[in-house]
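# Examining the three-dimensional arrangement
So you can see what is in the structure, the chains are spelled out below.
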Amino acid sequence: MASTQILQRRRKSVQSTRQITKAMELVAASKMRRATEVAQQGRSYRKAAHELLSRLSTVTDIVDHPLYTKREVKTRLYVAITSDRGLAGAYNSNIIKLLTKAAQQDQKDNITTKAIIIGNRGVQFIKRIDAIDLLAAFPSFGDHPTANDIRPILTSISELYENKEVDDVQLLYTVHQSNIAQVATSLSLLPARVDVSDPDAVESLNDVTFEPSITAVLDNVTERLLEVQIWQAMLESIASEHSMRMLSMKNATDNANDLIDDLTLAFNTARQANITQEIAEVTGGAEAMK
Amino acid sequence: MIHFTLYSLDGVKFDDQVYEVIIPTLDGIIGVLPGHMPLISVATDGVILVRRTATERDDQRDVFAISGGTVQVENDQLRVLVDEADSADSLNEKEVQDAYERAKNLKANAKDHVSLQNAQAMMDRHAVRLQVASMKRRKK
């Protein structure tokens with residue numbers, strides 16, 4: 001039977017751990033709410049940019065634009081969004097798993113794999129893998145990324161694509177389906193595409209003036225659309241990170257509770273055993289005196 | 001009246017009927033009034049000025065600092081898509097001034113072309129925001 005002192009010390013330490021995990025759970029919950037709100041606000045932007053692009057596709061041959069040209073894939077670039085901090089369940093490992101699997105497949109198909117990683121967790125991992133050529137690494141942008149944060153990523157991927165250094169760009173991020181379901185997915189960024197579901201429904205742009213030129217406008221709209229895609233992926237990932245952290249911290253708190261219950265029980269038993277033993281000793285002594 | 005909607009990455013910043021909007025574009029500053037010809041253009045970093053009614057004075061106009069985007073005018077509908085739009089009310093002149101100084105420092109200490117360019121872009125952006133923030137002061 002462990003001594004009561006040791007049991008009490010362990011119980012105290014588990015109690016303070018519970019306090020920390022509980023606090024982390026609450027912090028993650030409020031950060032998650034904000035991130036999901038902001039992610040939703042980007043939707044109207046995306047819709048407006050997409051609408052404009054599908055209308056542009058009626059007046060110009062979009063396929064001739066360098067960012068829309070499909071090429072045979074020899075080099076594939078992955079942009080993966082991970083976090084700087086751990087303790088978020090399988091958040092980072094899901095993305096890393098997805099990336100390594102894709103890289104293995106590419107190796108079989110004789111495709112060179114390159115990567116741009118956001119978040120220190122992912123960077124640390126990828127540095128150790130020789131098969132993946134790490135082009136750039138960014139620390140995570142915190143809970144409130146700005147348009148300025150994602151611009152370097154945007155310009156580097158479009159430059160790489162236009163210079164034909166990469167032939168395909170995939171964005172790996174975590175979709176925030178709900179507070180309990182987050183899925184690591186891959187989204188194809190480049191070559192860019194326009195999905196015109198119903199070409200007749202798209203209003204034509206025939207009598208519209210373009211300033212300074214239709215190509216400049218197309219460049220700009222494409223950039224907007226790529227930007228909003230990265231932006232939304234980033235926010236969905238942030239929301240996912242926080243909900244996964246919230247869930248894993250909730251589990252940790254529950255475990256700590258169970259542990260505290262067990263330790264309290266063991267402590268009480270030990271204390272009672274001590275008392276019983278002391279009484280037995282006293283009565284035993286008294287008995288012997290007779 | 002024209003309907004003006006200002007979309008930015010973090011939400012719709014303006015959505016209302018207005019009389020006149022002044023927008024900086026690649027080809028110069030344009031003013032959009034009711035009955036404007038259909039136009040699609042590229043916006044640059046600068047200041048958007050919104051006059052809600054014909055009688056509104058210059059210093060009563062709504063002001064937004066924007067960084068690059070797309071402008072679309074059609075059937076008295078004006079849609080502007082930008083990365084970032086800051087209204088005068090959301091900017092603190094002191095903070096923006098500090099940010100501007102920081103960008104200036106960065107530019108002075110830039111070692112290569114890339115960081116110089118980045119610092120210059122940042123400086124331009126903050127200069128616009130500073131302009132907007134000081135407009136707010138004059139209004140009071």
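Because the structure is a prediction, the values reported are computed rather than measured. Each residue is numbered by its place in its chain's sequence as written, counting from 1. Whichever chain is written first becomes A and whichever ligand is written first becomes 1, with later ones labelled in order. Where local features are concerned, this predicted model is filtered to residues with pLDDT of at least 70; where side-chain atom pairs are given and counted, the filter is 80 or more; whole-chain, interface and lining totals use all residues.

## Notes on the overall build of chain A
Helix and strand content of chain A: five helices and six strands. In chain A, the succession of helices and strands from N to C terminus is α-β-α-β-α-β-α-β-β-β-α. Atoms counted for the radius of gyration: C-alpha only. Globule rule: 2.2 Å times residue count to the power 0.38. Against the globule reference of 19 Å for 290 residues, chain A gives a C-alpha radius of gyration of 29 Å, more extended than a compact globule. Taken along its principal axes, the extent of the C-alpha atoms in chain A is 120 × 40 × 30 Å. Evaluated residue by residue, chain A yields a buried proportion of 35% over its 290 residues. Summarising the internal contacts of chain A: among those between residues at least 6 apart in sequence, 78% fall at separations of at least 24. Numbering goes from the N terminus for both helices and strands, where a helix is a DSSP run of H or I of at least four residues and a strand is a run of E of at least two. For the exposure call, what matters is how many other C-beta atoms sit within 10 Å of a residue's own: 20 or more marks it buried, 12 or fewer exposed, and in between partly exposed, using C-beta atoms placed from the backbone. In this description, a residue-residue contact is defined by the distance between C-beta atoms placed from the backbone, which must lie within 7 Å.

## Quick word on the overall build of chain B
Along chain B, the regular secondary structure elements total two helices and eight strands. At 16 Å, chain B has a C-alpha radius of gyration in line with the 14 Å of a compact globule built from 140 residues. Each principal axis of the C-alpha distribution contributes one length, and for chain B these read about 50 × 35 × 25 Å. When the 140 residues of chain B are sorted by exposure, 36% land in the buried category. Counting contacts in chain B only where the partners sit at least 6 residues apart, residues at least 24 apart contribute 56% of the total.

## Comments concerning the interface of chain B and chain A
Taken together, the 22 residues of chain B in the interface contact 24 residues of chain A. Elements represented by at least two residues in the side of chain B that touches chain A include exactly strand E1 (2-8), strand E2 (11-18), strand E5 (39-43), strand E7 (62-74) and strand E8 (77-87) of chain B. At least two bridges found by DSSP between two strands is the condition for calling them paired. Across three bridges, strand E6 (residues 209-211) of chain A lies against E5 of chain B in parallel orientation. Following the sheet pairing, Glu211 of chain A is matched in E5 of chain B by Ser41 of chain B.

## Brief notes about the environment of Gln131 of chain B
Residues and elements named next belong to chain B. Relative to the assigned elements, Gln131 resides in helix H2 (residues 113-139). Classification of Gln131 as partly exposed rests on a count of 15 C-beta atoms within 10 Å. Residues Gln131 and Glu93 lie 38 residues apart in sequence; the distance between their C-alpha atoms is 9.0 Å.

## Examining the nonpolar core
Nonpolar core, as used here: buried Ala, Val, Leu, Ile, Met, Phe, Trp, Tyr and Cys residues forming one set through C-beta atoms within 7 Å. Counting 90 residues, the largest nonpolar core has Val79, Ala80, Leu99 and Leu172 of chain A as its most contacted members. Considering each element in turn, this core owes the most residues, 15 residues, to helix H5 (residues 214-289) of chain A. Domains are outlined according to an automatic or database domain assignment. Two domains share this core, each providing at least three of its residues, namely domain 1 (2-87) and domain 2 (91-139) of chain B.

## Observations concerning the pairing of strand E1 (residues 75-81) of chain A
Looking along a regular strand, one sees side chains alternate from face to face of the sheet. Residue and element names in this part refer to chain A. Judged by how many residues are buried, E1 sits mostly within the fold: six of seven residues are covered. Relative to strand E2 (residues 112-118), E1 runs parallel, the two being bridged by seven bridges. Bridge pairing links Thr75 to Thr112 in E2. Clockwise travel from the first strand over the helix to the second, with the strands pointing away from the viewer, marks a crossover as right-handed. Crossover E1 to E2 through helix H2 (residues 91-108) is right-handed. Summarising the sheet, E1 and strand E4 (residues 168-176) pair through five bridges and their orientation is parallel. Bridge assignment links Val79 to a residue of E4, and that residue is Leu171.

## Some remarks on the domain arrangement of chain B
All names here are of chain B. Along its sequence, chain B is carved into domain 1 (2-87) and domain 2 (91-139). Put simply, the middle of domain 1 and the middle of domain 2, counted by C-alpha atoms, are 22 Å apart. Listed per partner, the contact involves eight residues of domain 1 and ten residues of domain 2. The set of elements that each furnish at least two residues to the side of domain 1 that touches domain 2 consists of strand E6 (46-51) and E7. Residue contributions to the side of domain 1 that touches domain 2 peak at three residues, all from E7. Looking at side-chain class alone, the side of domain 1 that touches domain 2 contains three nonpolar, two polar and three charged residues. Only Asp, Glu, Lys and Arg are considered charged, only Ala, Val, Leu, Ile, Met, Phe, Trp, Tyr, Cys and Pro nonpolar, and every remaining residue, Gly among them, polar.

## So, the environment of Ile6 of chain A
Assignment of secondary structure puts Ile6 of chain A in helix H1 (residues 4-59). Distance in space between the C-alpha atoms of Ile6 of chain A and Phe267 of chain A is 9.0 Å, their sequence separation being 261 residues.

## Concerning the environment of Ile2 of chain B
Residue and element names in this part refer to chain B. Within the element layout of this structure, Ile2 appears in strand E1. On the basis of neighbour counts, which here come to 18 C-beta atoms within 10 Å, the residue Ile2 falls in the partly exposed class. Between the alpha carbons of Ile2 and Pro34 there is a distance of 5.4 Å; along the sequence they are 32 residues apart. Excluding its chain neighbours within four sequence positions, the residues that come into contact with Ile2 are Val18, Val32, Pro34, Asp76, Gln77 and Leu78.

## Quick notes on the packing of helix H4 (residues 147-162) of chain A against H5 of chain A
All names here are of chain A. Running from N to C, H4 and H5 point in directions that differ by 120°, and their axes come no closer than 10 Å. In terms of their interaxial angle, H4 and H5 are classed as oblique. Here H4 runs over H5; the crossing is right-handed. Contacts from Ile150, Ile153 and Leu154 of H4 reach H5 at Glu223, Leu226, Glu227, Ile230, Trp231 and Met234. Each residue belonging to the contact of H4 with H5 can be placed in one class, and the counts come to seven nonpolar, no polar and two charged. Under this scheme, a helix contributes an axis fitted over its contacting stretch, all axes are lines through C-alpha atoms, and angles between N-to-C directions fall in the 0 to 180 degree range. To sort the angles, those under 35 degrees are grouped as roughly parallel, those over 145 as roughly antiparallel, those from 65 to 115 as roughly perpendicular, and the leftovers as oblique. Crossings are sorted by hand: turned counterclockwise from the far helix by less than a right angle, the near helix makes the crossing left-handed, and turned clockwise it makes it right-handed.

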